Amino acid sequence: MKLASVSLLILAMAIFAGCSPKQKYRVYERLILHFDTPHGPTTASGVGVKTYRYYPDRLPLTNTRMTSSFEGEAIVIDFGSERKAFAVIARGIGQVVGYGAFDADYDKDPTALLEALAQTPDLFSIHSVPKRFWPQLVVFEDPLDPLSVRRAERHDIFPADGGAYALTGVEIEILDTTPTTKKIASILPWLSTVQSSSIDGVAGVISPDRPLSNELYRTQFIQLKSE
């Protein structure tokens, strides 16, 4: 092997070694959504597992100190009368809802917070989630047709009802080891046929006016451990 190649290999190994996370923290999180409806307040919730990774020296290029991955599914909100909405999973590696809800008391020592979230969940009471972490809501006019999806405004989920259905608050609860919620596959059975493309099955669309069904992916509705 040439000297230049050896030097590049050593440099790459050094970079990746320096970027290794100090530790992984597995945190069980229940997200609780609060709604106003014509029949009074109601809630919906779902349990997922977040694996946080903290990089003391930050990641190169992105200058990121923390990443996270998620295992679970979108939250199903059943309002009755065949009205359902879905709180989809945020895309990207920076989903830090749990950390973002509790970090005010730990901002000088992120690892202390992550260790507490993962190891002593009983220390945390249910906490309000900042609005910047509230999930996106979508509605399928026909749950059997992915093309029928539309974006739902948090303050007016079903416009025909004049703002009678609205998301009013989000809370998070840190749990001990808890099974993740599993119900969405029976409501959206076509998810099992969607792989890497968007939920409408069309890949590679870059039009600025692409339909919402082409912007949403399977991983925004369900994320398994292997995904």
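For the structure, check the block above.
Just so we're clear, the structure is a prediction, and the values are computed from it rather than from any experiment.

Visitor: Looking at this structure, how should I read the overall build of the protein?
Guide: Per the secondary structure count, the protein includes four helices and ten strands. For the protein, the α and β elements follow one another from N to C terminus as α-β-β-β-β-β-α-α-β-β-β-β-α-β. Classification of the 227 residues of the protein by burial places 43% in the buried group. Counting only contacts in the protein whose residues sit at least 6 apart along the sequence, the fraction spanning at least 24 positions is 62%.

Visitor: Teacher, can you tell me more about the nonpolar core here?
Guide: Proteins that are soluble and globular tend to have nonpolar side chains buried together. Counting 34 residues, the largest nonpolar core has Leu33, Phe35, Ile77 and Ile157 as the members making the most contacts within it. Of all the secondary-structure elements, those providing two or more residues to this core are strand S1 (23–36), strand S2 (42–54), strand S4 (75–80), strand S5 (83–87), helix H2 (97–102), helix H3 (110–119), strand S7 (137–140) and strand S9 (166–175). A per-element tally of this core places S1 first, with five residues. The residues touching Leu33, leaving out its near neighbours within four places in the chain, are Thr42, Thr43, Ala44, Ile75, Ile77, Ala87, Pro135, Leu167, Gly169 and Val170. Ranked by size, the runner-up nonpolar core spans 18 residues in total, among them Ala74, Val88, Val138 and Ile199.

Conventions we followed
Residues numbered from 1 in each chain as written. Predicted model: local features only at pLDDT ≥ 70, side-chain atom pairs only at ≥ 80, totals over all residues. Heavy atoms only, no water. Helix = DSSP H or I, 4+ residues; strand = E, 2+ residues; numbered from the N terminus. Buried < 20%, exposed > 50% of the residue type's maximum accessible area, 1.4 Å probe, protein only. Contact = heavy atoms within 4.5 Å. Core = buried A, V, L, I, M, F, W, Y, C linked by side-chain atoms within 4.5 Å.

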